[in-house]
Amino acid sequence: MTTQEKLKKLIVDTLHLEDITPEEIEDDEPLFGEKLGLDSIDAVEIVFQVEHHFGVGIKDMKEGRPAMQSINTLAAFIEARL
Amino acid sequence: MKISIKGIGVLGGFGCGIGDLNKALITGKRSSSTMVIKTTGGDIEVPAFLANTDRLKSFVNKRDLRRIDHYIRMAILGCFLALEDADMLHANRGKMGIIIATGYGSTCNTFDLQNSVITEAAPFCSPIQFSNSVHNAAATYISILLKEVGPNLSVSHYDMSITSAFLSAYQWLQEERVESVLVGSVDEYSKILGYFWHCLYNKGNKKEGFVGKMNPEHAIIGEGANFFVLARENETASPYGFIEDVKMGNFKRRGINLPENAAFFLGADGYSECDEQYAEYIPEKALVASYSHLYGGLPVGTGFDIAIAALSNKSGTIFKSGDSSIFNSNRLNVIRHNENLGSRRICCLKLGAGGSYGWISLNQ
């Protein structure tokens, strides 16, 4: 399973997105855009889950904002620190 | 001042909605589940009356519920059912206060959170799980979903929680701080409670010197929610009758002053060592009943008794009691068949931990 696939499953499972499957999330679509509709509380949960499952910390907004643009940017951020 | 009950929303082992509770009172039908808990000593089985929240999807869209756990879902559904019953779901509700009582709080979520902190090598704590574990989370979600900006209060006072909440609601309405109050309570089943039941009440697992005070035949864990829309009587009348008085105190220190010409709905649920003490305080010949056989044992069970009292006011009938052996007394005049309410008021009385008591009287 690729990092992107792991992230999609993680987001769907831990954010309880019952109306969407991991496969329906596109690699480049904005995480906080209209389709997924995530919000700031989800962002905090993603930070926690990424640290919990990948051991990679997102320290602050400066790191977090560019890293959490999409599945691809988040995967690249994680892989660069593994 | 009289406080009328405009709407009621209930869910528990008897079903979902005031209609299901009414049916259960007539038929005695309720649904007990057997919960399996995995322990290091093997699987154990625990009976429980559980609540189903499927109907919540007809009030709130799926996406808005995604962060909300079972405990909070029960509370939200209770609120929506009460507002629907009061025909206030889509109406301009004016200034409404919200008060939510709970004896245990969000136990499943809180214990899971604690477990994750204790068992993980590095302590992690999910922000969503943490935010749902705080006692006022349910009240917050309700305010958000109803878009209510009036006063919002969460009350936790173990088995006096619902009486305490009604006392605050009564005060808010008396002070004309709000036009109506959505007040109620919620408690949930958890594995910890199930394990507790197994250790202390299971017939094959008696601990000397403790179980003797309890009543394992009746002590079935219950969960659910009960909510009420209250308003000042001069603003609106209701077929459910009105709240006449709310009192709290300590019966061991000062005894209890109970209302006259009342039938008593007693909060005996098999858990409390107080169950057998009701007989000491109830006036001779007064009719009494216990309905915990329909909703189980939970700190906020009195809320269901209030709903049943409201149904009695509406129908003019006092429904037959559950098994009278719960009181372990021949002195009480237990209602064995449905009876005409007549001109009686109904007093919902709970004797609780540490000698505390609370009662709420309703009249037609």
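Rules used throughout
- Residues numbered from 1 in each chain as written.
- Chains lettered and ligands numbered in written order.
- Predicted model: local features only at pLDDT ≥ 70, side-chain atom pairs only at ≥ 80, totals over all residues.
- Heavy atoms only, no water.
- Helix = DSSP H or I, 4+ residues; strand = E, 2+ residues; numbered from the N terminus.
- Rg over C-alpha atoms; globule rule 2.2 N^0.38 Å.
- Buried < 20%, exposed > 50% of the residue type's maximum accessible area, 1.4 Å probe, protein only.
- Pairing = 2+ DSSP bridges.
- Contact = heavy atoms within 4.5 Å.
- Axes fitted to C-alpha atoms, helices over the stretch in contact; angles between N-to-C directions.
- Phe/Tyr/Trp six-rings, centres within 6.5 Å; stacked < 30°, edge-to-face > 60°.
- Disulfide = S-S within 2.5 Å.
- Salt bridge = Lys/Arg side-chain N within 4 Å of Asp/Glu carboxyl O.
- pLDDT = per-residue confidence, 0-100.
- Buried area = accessible area lost by both parts, 1.4 Å probe.
- Parallel < 35°, antiparallel > 145°, perpendicular 65-115°, else oblique.
- Nonpolar A, V, L, I, M, F, W, Y, C, P; charged D, E, K, R; others polar.
- Expected span 1.5 Å × (residues − 1).
- Polar contact = N/O pair within 3.5 Å; in protein donor to acceptor, adjacent residues only side chain to side chain.

**A closer look at the overall build of chain B**
1) Next: A count of helices and strands for chain B gives 11 helices and 17 strands.
2) Next: Taking 2.2 N^0.38 as the reference for a compact globule, 364 residues should give roughly 21 Å; the C-alpha atoms of chain B span a radius of gyration of 20 Å, in line with that estimate.
3) Next: Overall, the C-alpha framework of chain B stretches about 65 × 55 × 40 Å when taken along its three principal axes.
4) Next: Each of the 364 residues in chain B was classed as buried or not, and the buried ones make up 59%.

**Structural notes on the pairing of strand E11 (residues 262-266) of chain B**
All names here are of chain B.
1) Next: Counting buried positions along E11 yields 5 of 5 residues, so the element is predominantly enclosed.
2) Next: Burial along E11 is two-sided: Ala262, Phe264 and Leu266 and Ala263 and Phe265, pointing in opposite directions, are all buried.
3) Next: In this structure, E11 lies alongside strand E16 (residues 345-351), joined through 5 bridges in parallel fashion. The residue of E16 that forms the bridge with Ala263 is Ile346.

**Points about unusual backbone geometry**
Residue and element names in this part refer to chain A.
1) Next: Unusually for a residue other than glycine, His16 sits at a positive phi of about 55 degrees.
2) Next: Mapped onto the elements, His16 comes out in the loop between helix H1 (3-14) and helix H2 (40-54).
3) Next: His16 sits in the partly exposed class, given a relative accessible area of 39%.

**Concerning the sheet that holds strand E4 (residues 42-49) of chain B**
All names here are of chain B.
1) Next: The 3 strands are arranged E3-E4-E8 in an open sheet whose pairing can be described as mixed. With one partner strand each, in any of the chains shown, strand E3 (32-39) and strand E8 (221-222) form the two edges of the open sheet.
2) Next: Note: E4 against E8, 2 bridges, orientation parallel. Considered in E8, the bridge of Phe49 is made with Gly222.
3) Next: Of the strands in this sheet, E3, E4 and E8 touch helix H7 (residues 191-201), which is tilted by about 100 degrees from E4.

**Considering the packing of aromatic side chains**
Two descriptors summarise a pair of aromatic rings, namely the distance from one centre to the other and the angle between the planes of the rings.
1) Next: For the coordinates displayed, the defined rule picks out 8 aromatic pairs over all chains.
2) Next: Pairwise contacts between aromatic rings join B:Phe14, B:Tyr295 and B:Phe304 into one cluster.

**Remarks on the state of the cysteines**
Here, disulfide denotes a covalent bond that connects the sulfur atoms of two cysteines.
All names here are of chain B.
1) Next: Across all of its chains, the model carries 0 disulfides over all chains by this definition.
2) Next: This cysteine, Cys108, is not joined by any disulfide, and Cys125 carries the nearest cysteine sulfur, 17 Å off.
3) Next: With no disulfide of its own, Cys274 has Cys347 as its nearest cysteine by sulfur position, at a separation of 15 Å.
4) Next: Taking the relative accessible area as the measure of exposure, Cys274 reaches 5% and is therefore buried.

**What to know about the pattern of salt bridges**
All names here are of chain B.
1) Next: Tallying each qualifying case throughout the model produces 13 salt bridges over all chains.
2) Next: For the salt bridge of Lys23 with Asp20, the shortest nitrogen-to-oxygen distance reads 3.9 Å. Of this pair, Lys23 and Asp20 are both found in helix H1 (residues 18-27), 3 residues apart, which corresponds to roughly one turn of the helix.
3) Next: Since its relative accessible area comes to 55%, Lys23 is described here as exposed.
4) Next: For Asp20, a relative accessible area of 26% gives the class partly exposed.
5) Next: A salt bridge links Asp245 to Lys247, with the shortest nitrogen-to-oxygen separation between them at 3.3 Å.

**What about the side chain of A:Asp42?**
1) Next: Of note, A:Asp42 is situated in helix H2.
2) Next: Not counting the four nearest positions on each side in its chain, A:Asp42 is found in contact with A:Leu15, B:Arg66, B:Arg67 and B:Ile128.

**Examining the confidence of the model for chain B**
1) Next: Summarising the model, chain B shows a mean pLDDT of 91, and 94% of its residues fall at 70 or more.
2) Next: This model gives residues 208-212 of chain B a pLDDT under 50, and the stretch forms 3 contacts once residues within four places in sequence are excluded.

**Structural notes on the interface of chain B and chain A**
Size of an interface: often given as the accessible area lost when the parts come together.
1) Next: The partner chain A presents 17 residues to the 11 residues of chain B that form the contact.
2) Next: Summed over both sides, the interface between chain B and chain A buries roughly 1300 Å², with carbon and sulfur atoms accounting for 52% of that surface.
3) Next: The three residues of chain B that bury the most area against chain A are B:Arg63, B:Arg66 and B:Phe124, which together make up 48% of that side's buried surface.
4) Next: The interface formed by chain B and chain A holds 4 salt bridges in total.

**Observations regarding the environment of B:Tyr189**
Residues and elements named next belong to chain B.
1) Next: Take Tyr189: it is sitting in the loop between strand E7 (180-187) and H7.
2) Next: Placed 125 residues apart in sequence, Tyr189 and Asp64 show a C-alpha to C-alpha distance of 23 Å.
3) Next: The contact partners of Tyr189, leaving out residues within four places of it in the chain, are Met35, Ile37, Ala48, Leu50, Cys108, Gly194, Ile221 and Glu223.

**Considerations on the environment of B:Lys62**
Residue and element names in this part refer to chain B.
1) Next: Along the polypeptide, Lys62 turns up in the loop between E4 and helix H2 (70-85).
2) Next: Take Lys62: its relative accessible area is 44%, and that puts it in the partly exposed class.
3) Next: Between the alpha carbons of Lys62 and Arg177 there is a distance of 34 Å; along the sequence they are 115 residues apart.

**Regarding the packing of H1(B) against helix H11 (residues 302-315) of chain B**
All names here are of chain B.
1) Next: Viewed as axis vectors pointing N to C, H1 and H11 meet at an angle of 80 degrees, and their least axial separation amounts to 11 Å. Relative to H11, the element H1 is oriented roughly perpendicular. Here H1 contributes Ile18, Leu21, Asn22 and Leu25 to the contact with H11, which in turn contributes Phe304, Ala307, Ile308 and Leu311.
2) Next: Split into classes, the residues belonging to the contact of H1 with H11 amount to 7 nonpolar, 1 polar and no charged.

**Considering the confidence of the model for chain A**
1) Next: Per-residue confidence for chain A gives a mean pLDDT of 93, with 100% of residues at or over 70.
2) Next: Taking the mean pLDDT of every element in chain A, the minimum, 92, falls on H2(A) and the maximum, 97, on helix H4 (residues 71-79) of chain A.

**Focus on H2(A)**
1) Next: In this model, H2(A) (15 residues) spans 21 Å end to end at C-alpha, consistent with the 21 Å of a helix rising 1.5 Å per residue.
2) Next: Among the residues of H2(A), A:Asp42, A:Ala43, A:Glu45, A:Ile46, A:Phe48, A:Gln49, A:Val50 and A:Phe54 are the ones counted as buried.
3) Next: Of the surrounding secondary structure, the elements contacted by the buried residues of H2(A) are H1 and H4 of chain A together with helix H4 (127-133) of chain B.
4) Next: Structurally, the start of H2(A) carries an N-cap: the backbone nitrogen of A:Ile41 is 3.2 Å from a side-chain oxygen of A:Asp39.
5) Next: Directly after H2(A), the chain includes A:Gly55, whose backbone phi takes a positive value near 70 degrees.

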